[in-house]
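Analysis of the macromolecular model
For reference, the chains in residue letters:
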Amino acid sequence: MGFFIAKEDDIKKGKTTDVYFVRTEKILREKNVHNLSVAEFTVSGLPNGYRWALFGGLEEAVELLKGKNIDLYAFPEGSLFKPRDINGVLVPVMYIVGDYVEFAIYETPTLGFLCHTSGIMTKSARVRLAAGDSVVLSFGIRRMHPALAPMIDRAAYIGGCDGVSSLIGAETINQPAKGTMPHALMITMGEDEAWKAYDELMPPEVPRIALIDTFGDEKYEAIKAAKIFRKLQSVRLDTPGSRRGNFAAIIREVRWELDVRGYKDVGIFVSGGLNEKTIPELKEVGANGFGVGTSISNAPTIDFAMDIVEIDGKPSAKKGKFGGRKDTYRCKECFSFVNVRHGENPPERCPVCGGELEPMHRKILDKGKLVYELPGVEDMRNYVLSQLEHLKKVEENPI
Ligand SMILES: [Zn+2]
């Protein structure tokens, strides 16, 4: 049977779409219905009380939609957005202008790219904010289908993780893969031997992070590891839930015991079930590196929908959506959004704070041809981080 995955070609041919779009396309073609449609991508709400999200998945959406006879407009990938503008009107992060039959069958896969990537990117950004300047590594690909590892790790990195654990994800972001050591190494070699062999055989650029929770007590193992390694960078605690009791208290104690023995430079790297809610307390007591897995890789999706809002220049949208093509502006100061009818002038300044408004839509495809320079991964990540820095300045509780 092979693996249960759609090949790139299957996706490009529309085989991963919902059948009703195929039927719709057939009917419209047979009846010769060709309109100039505007279809926009919006979210009606965000998961778990999020107040903002990051827009991801554009690059793959472009890969799918290029060559079709449509125009595509979108926010830059990594843009922070809110579901609604200051008047409660839905914020279109992306929209297509073209004959609907040209793109009907691509709605499903396009939404898939946007929803899934945005979900992971957003969660990674939330974790980044929680972790402050501590190192955060994406460890979660093992919980997801392996075919998605590049997408997951790329989105996690752009969202603010400092590194990723998978080889293929690391290739996607042009970085070396990051990791520590698995319990299996301790169990197969014995702990002391495993640490010595790791220190001896790993090239110098591999950080010396000793896993210290395999058999013994974290405090004594940490002290032992600090003595065995020639220059230990960090100890890693992945203490199982059944032994945690109070994880923060364990970390606080390890920190103290390392410090009083002169190992102040040895960091504490923690992993296991972490998310943006659990990280702050652990950071507070001395953890300064975080391996974050499932909460990022299995992040809730950002539930975009695609809706036609305009036909042949006339506003036309279903109940619950706002008709007409829109131009969308974001305040540089407070990240409020303002939609105006396409071509109309926006307010001079942000109606909320008086800040400067910037137009958010870029023309990406012109009749299917790429007319926008897709930014590299580092540029997107820097864009995300700069928005998060700004958010921290203007919001007391940015998460
Ligand atoms: Zn403002």
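Please read these numbers as outputs of a predicted model, since none were measured by experiment.

The next subject is the sheet that holds strand β3 (residues 70-74). Strand order in the open sheet formed by seven strands is β13-β12-β1-β5-β3-β17-β18, and the pairing between neighbours is antiparallel. With one partner strand each, in any of the chains shown, β13 (314-315) and β18 (369-370) form the two edges of the open sheet. Contacts between helix α5 (residues 107-131) and the sheet are confined to β1 (36-43) and β12 (304-311), with β12 contributing the most and set at about 130° to the helix.

A word on helix α10 (residues 218-228). The complete set of buried residues in α10 reads E218, E221, A222, I223, A225 and A226. Residues of α10 that are buried make contact with α9 (191-201), β8 (209-211), β9 (234-237) and α12 (247-260).

According to the domain assignment, the chain consists of domain 1 (8-118 + 300-394) and domain 2 (126-297). If you average the C-alpha positions of domain 1 and of domain 2, the two centres end up 37 Å apart. Contact with domain 1, which involves 11 residues of that partner, is made by 11 residues of domain 2. Top contributing element to the side of domain 1 that touches domain 2 by residue count: helix α15 (residues 377-394), with seven residues.

Another point: helix α6 (residues 149-159). The buried count for α6 comes to 10 of 11 residues, which makes it a mostly enclosed element. Taken as a whole, α6 has its buried residues at A149, M151, I152, D153, R154, A155, A156, Y157, I158 and G159. Of the residues one or two after α6, G160 is the one with positive phi, at around 135°.

Counted residue by residue, strand β10 (residues 267-271) has four buried out of five residues, so it is predominantly covered. Both β9 and β10 contribute to a ladder of four bridges, which runs parallel. Residue pairing in the sheet places S234 in a bridge with G267 of β10. Of the pairings in the sheet, the one linking β10 to strand β11 (residues 289-292) comprises three bridges and is parallel in character. Bridge pairing in β11 links F269 to G289. Regarding topology, helix α13 (residues 279-284) serves as the crossover connection from β10 to the parallel β11, and that connection is right-handed.

This part takes up the nonpolar core. V235, I251 and V270 are the most contacted members of the largest nonpolar core, which has 101 residues in total. In terms of residue count, α5 provides more of this core than any other element does, nine residues in total. Counting only domains with at least three residues in this core, you end up with domain 1 (8-118 + 300-394) and domain 2 (126-297). Ignoring sequence-local partners within four residues, the contact set of I251 consists of L237, I268, V270, L282, V285, G286 and A287.

So, about the packing of helix α3 (residues 58-65) against α5. Taken N-terminus to C-terminus, the directions of α3 and α5 make an angle of 165°; their axes are 8 Å apart at the nearest point. Between α3 and α5, the angle falls in the class roughly antiparallel. In the crossing of α3 with α5, the sense of the turn from one axis to the other is right-handed. Contacts between α3 and α5 involve E60, A61, L64 and L65 from the first element and P109, T110, F113 and L114 from the second. Tallied by class, the residues present in the contact of α3 with α5 amount to six nonpolar, one polar and one charged.

Let's shift gears to the sheet that holds β8. If you walk across this open sheet you meet the six strands as β7-β6-β11-β10-β9-β8, and the pairing is parallel. Edge positions in the sheet fall to β7 (163-164) and β8, since each of these pairs with one other strand and no more.

The next point concerns unusual backbone geometry. The backbone of N174 sits at a positive phi, close to 55°, despite the residue not being glycine. Along the chain, the position of N174 falls in the loop between α7 (167-172) and α8 (183-189). According to the C-beta neighbour criterion, N174 is exposed, with 10 such atoms within 10 Å. Positive phi, normally seen in glycine, also occurs at K367, with a value near 50°. Locating K367 in the fold gives a position in the loop between β17 (362-366) and β18.

A separate point is the environment of F269. Relative to the helices and strands, F269 is located in strand β10. Each C-alpha atom, one on F269 and one on G163, is 14 Å from the other, the two residues being 106 residues apart in sequence. Not counting residues within four places of it along the chain, the set of residues in contact with F269 comprises T180, I209, S234, V235, R236, G289 and G291.

What counts, and where the lines are drawn
Residues numbered from 1 in each chain as written. Predicted model: local features only at pLDDT ≥ 70, side-chain atom pairs only at ≥ 80, totals over all residues. Pairing = 2+ DSSP bridges. Helix = DSSP H or I, 4+ residues; strand = E, 2+ residues; numbered from the N terminus. Contact = placed C-beta atoms within 7 Å. Axes fitted to C-alpha atoms, helices over the stretch in contact; angles between N-to-C directions. Buried ≥ 20, exposed ≤ 12 C-beta atoms within 10 Å, placed from the backbone. Domains from an automatic or database assignment. Right-handed = clockwise from strand over helix to strand, strands pointing away. Core = buried A, V, L, I, M, F, W, Y, C linked by C-beta atoms within 7 Å. Parallel < 35°, antiparallel > 145°, perpendicular 65-115°, else oblique. Left-handed = near helix turned anticlockwise from the far one by under 90°. Nonpolar A, V, L, I, M, F, W, Y, C, P; charged D, E, K, R; others polar.

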